[in-house]
Structure formats: C-alpha cells, structure tokens
Amino acid sequence: MIQAIFITALFVTNPVLSQDRLPLDLVPKMAVPVLDYAMLFEEDLQREQSGLPLRFAQPNSVSITPATHGMWEQLDGNKMRWSFRVTCDNAVSMNLGFGRYNMPESGSMIIMDLAIDCQIRPFTLEDNKDHGELWTPIIPSNEAVIEIIVDRSQKKLVDHNIELTSINAGYQGFKGGGNRGSSGSCNIDVLCSQGDDWWDEIPSVGVYTLNGYLTCTGAMINNTAQDQTPYFLTANHCGVTSSSDSSIVVYWNFQNSYCRTPGSSDSGGNGNGSYSQFTSGSTMRATRSYTDFTLTELSSVPNENWGITWSGWSRASSTSGVGAGIHHPETAEKRISFPDYSTASGEMWNVNWSEGTTEPGSSGSPLYDSNHRIVGQLCCGSAACGNDANDYYG
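Structural notes, computed from the coordinates. (Residues numbered from 1 in each chain as written. Predicted model: local features only at pLDDT ≥ 70, side-chain atom pairs only at ≥ 80, totals over all residues. Heavy atoms only, no water.)

1. Brief notes about the nonpolar core
As a reminder, the rule being used: Nine residue types can take part in a nonpolar core, namely buried Ala, Val, Leu, Ile, Met, Phe, Trp, Tyr and Cys, and a core is a set of them joined through side-chain atoms within 4.5 Å. A 1.4 Å probe rolled over the protein chains alone gives each residue an accessible area, and that area as a share of the maximum for its type sets the label: buried under 20%, exposed over 50%, partly exposed in between. Counting from the N terminus, the helices are the DSSP runs of H or I reaching at least four residues and the strands are the DSSP runs of E reaching at least two. In what follows, a contact means two residues having at least one pair of non-hydrogen atoms within 4.5 Å.
In terms of nonpolar packing, the biggest core is built from 44 residues, with Phe-98, Met-109, Ile-111, Leu-164 and Ile-167 touching the most fellow members. Listed by contribution, the elements that provide at least two residues to this core are β3 (57-64), β5 (79-87), β6 (93-101), β7 (108-113), β9 (134-135), β10 (143-151), β11 (162-170) and β15 (249-251). Leaving out residues up to four positions away in the same chain, Met-109 has contacts with Phe-98, Tyr-101, Met-103, Arg-121, Pro-122, Phe-123, Leu-134, Ile-146, Glu-147 and Ile-148. Counting residues in hydrophobic clusters, the runner-up holds 17 residues, among them Leu-191, Leu-233, Phe-338 and Tyr-368.

2. Overview of the pairing of strand β21 (residues 335-345)
Basically, it comes down to this: Strands are treated as partners if at least two bridges between them are detected by DSSP.
For strand β20 (residues 324-327) and β21, the ladder comprises three bridges, and the chain directions are antiparallel. Considered in β21, the bridge of Ile-326 is made with Ile-336. Between β21 and the antiparallel strand that follows it, strand β22 (residues 348-355), lie two residues; Gly-346 among them carries a positive phi value of about 65°.

3. Quick look at the side chain of Ser-311
Looking at where Ser-311 falls in the secondary structure, it is placed in the loop between β18 (293-298) and β19 (312-313). With near-sequence residues (within four places) excluded, Ser-311 lies in contact with Glu-201, Ser-204, Met-220, Ile-221, Asn-222, Tyr-368 and Ile-374.

4. Thoughts on the pattern of salt bridges
It is possible for side chains bearing opposite charge to pair when their charged atoms get close. Our working definition: Should a side-chain nitrogen of Lys or Arg be within 4 Å of a carboxyl oxygen of Asp or Glu, the pair is scored as a salt bridge.
Enumeration according to the criterion identifies 14 salt bridges in this entry. Taking the shortest distance from any N to any O, the salt bridge between Arg-55 and Asp-44 comes out at 3.1 Å. Residue Arg-55 is found in strand β2 (residues 54-55), and its partner Asp-44 is found in helix α2 (residues 37-49); the two are separated by eleven residues along the sequence. Here the two residues Arg-55 and Asp-44 agree in accessibility, since each one is buried. Here Arg-335 and Asp-189 are joined by a salt bridge, their closest N and O atoms 3.6 Å apart. With Arg-335 in strand β21 and Asp-189 in the loop between β11 and β12 (205-210), this pair connects stretches of sequence that are 146 residues apart. Summarising the burial analysis for this pair, Arg-335 and Asp-189 share the class buried. Overlapping salt bridges, with partners in common, bring together Glu-43, Asp-44 and Arg-55 in one network.

As structure tokens, then:
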C-alpha cells in the first residue's frame, strides 16, 4: 500500500547530486508561453465529444542541448555539472521529453523543483533504450530544474547525446489546479473492501502519460508462455503508435492509502497516492481501431519490489457473471467499479455499472470477467457519477 504523498515520495538523496548549487537566479532558463486556460478547457469539451483521450498539458517543441543552452560548472573530484531550468508562469505541473538520450557511464541526471524539495530519481546509463528517447514523470510545479553530473572526460558525450525536445506545461489532472485530478465521489478506492478479492489484478493496472500531454489507463497482460514479458494493454484511441510509443510513462501503485467512503466529499477530492513508481518508454506491438485495442511492450520490466502483476485474459463471449473494471478516472488514484451487466454486442461489450463508474482518463482500462480475466479495454461511453449511461469495451 502506498502511504507517502507525491512530493515526499519523489524526493531522493544522492551524495554527488547534493553538492552546493548556484542560486537559481544564476541558472539559465527557458520560459514557454503561458497557458490560455479558457481556450484549453473549451477545446477539451470538443475533444471529449469527439472521443479523444484526456489531455492534461500543453506541449512545446524545443531543441535544447548542454552544448547550446544552460551552464557548465567544475565540481570537486573531476566532475562537471550542467544546469538548466524550464518554466511556465501559470502551469500546475511540468514534464519533459528528451528526443535524444544516451547517457555515458559516469553521467547522472535529475529533474527537480528546489522550492518544494521535489526530485525525480536519477536517470543514468540504465535508462538508455534502443529507441533513444527519455520521457519524464511530472513535477507538480510550474518550474523544473535539470542537472547532469558527469566525469569531465565524458562531458562532450553529454553535449552531443542529450537533447531536450519537448517541454510540457500541465494545466489539469495529476492533482493540479484545485480538484482537477480528482474523480467523482461515487467511485470506489481499490483499498475499500470491495477490492479485497481483486488484489491479484489491481497491481497490474496503471495510469500513463503519452507525448507529455495525453493520458489514459492500461494494464500489464500475460502471454501464453506466461514469461512476464512486459506487455501493456490499452485502447487504440489513446494514441500509442509506432511514433509515440517511446513517450509513454506508466505510473504504478498510484492509489489512495485508505478507503474513502464512496459518495463522500473525501472520495470526491484529491487523494494521497504517490507517483514515485514509474516505467518510461515502450515499443508498440499490435493495434486495431475496430476493437479499439493497442498492445505495447514496455522498455523495461517494472521493479520487482513494486509487486506489479500480470493479468490473465480470455476471448470468451461471456463474462460468466459479474466481473469488475479497474481504472484511473481523471488521472486520479486507482478505482474499482462493478457492473450490473456486461453483454456482448458484436466486437464490443455493453456495460452498465451498479457500483462506481468510469470517467475521462479511464479509457484503455481493463474489463474483467467473473474469473478475473481481462476480456476487453474501455473504448467509449458516457457513464459518470449521477447518470446510468453505458460504457463500451473492445
């Protein structure tokens, strides 16, 4: 169970990275355009009506390398440090996309906000992937500071092999902007007693970001060899393609640390889940728009200490009774919902909820049958707290 809040859980300490820093005012920065909230929210209404995935940030394309921007300093022990910061005056979060990331052996990069003691774990050689990219989790602030420390002899490798290409300014979701990022109060936390029988499946479900500005839900799914290849199932309409697959960042075990009473103001507010467990990057393996599914293979297996599971699956045309849906509505902490019926209609499941519901951001989340096997992923529908509308799963 996750007990720590995001800011505490992301903070890490490293003897090298904790050396004295220059005052922030001396660190070069790039400010991306301020956000037009009214325009963004109006566009979001149109996006929802068009069945597009939930958007939480505004992307900005850039080309920033340690050779062209920021500043280098000489540190003790023959080390060099590069520093740069990015800001957006009215953003509620920031995340970064490195279109080129090939860190040398001695190098280590952190992304942080010094004002709130928030720091993502160091990125190192271990984060070099075949696709050559690196996309980061969010920093819950309007500013992010980037620091790279490397041996002096390998400084040129950093200059030529690290390039920041996307600065993404968040305006909603992920606990930003008051209650934006919270879900409807009728939803049920997975820590509630209703989830007790589903703990073999709950850890397999994660919320993810894509291209630094889109978000959906998905689940780890096993193959017939049962060898735990890191296959991740989600919806086709969420936008994971062969050109965007490397940008995925999946957050694991993001759930409230206790059961908030469904229907209460507590359940309708922000939770206390942690974003500290994440996996970045993937390679898309299969997709189909007609049944709205995508299968992508994550670039690394989630840390075994996180207890992530792989869900089973079935191609049966019946759910054999009532199953469950596990999802992240509005990018909020993980919830579980229970249908009063799930009926097959062509290549879709027609689902009506008796407990809980789904919301934008739940797209791509798994539908389980009564035998706890995935039978589909959320495509579309208009279910929400306060209505009895149906959802549809491919």
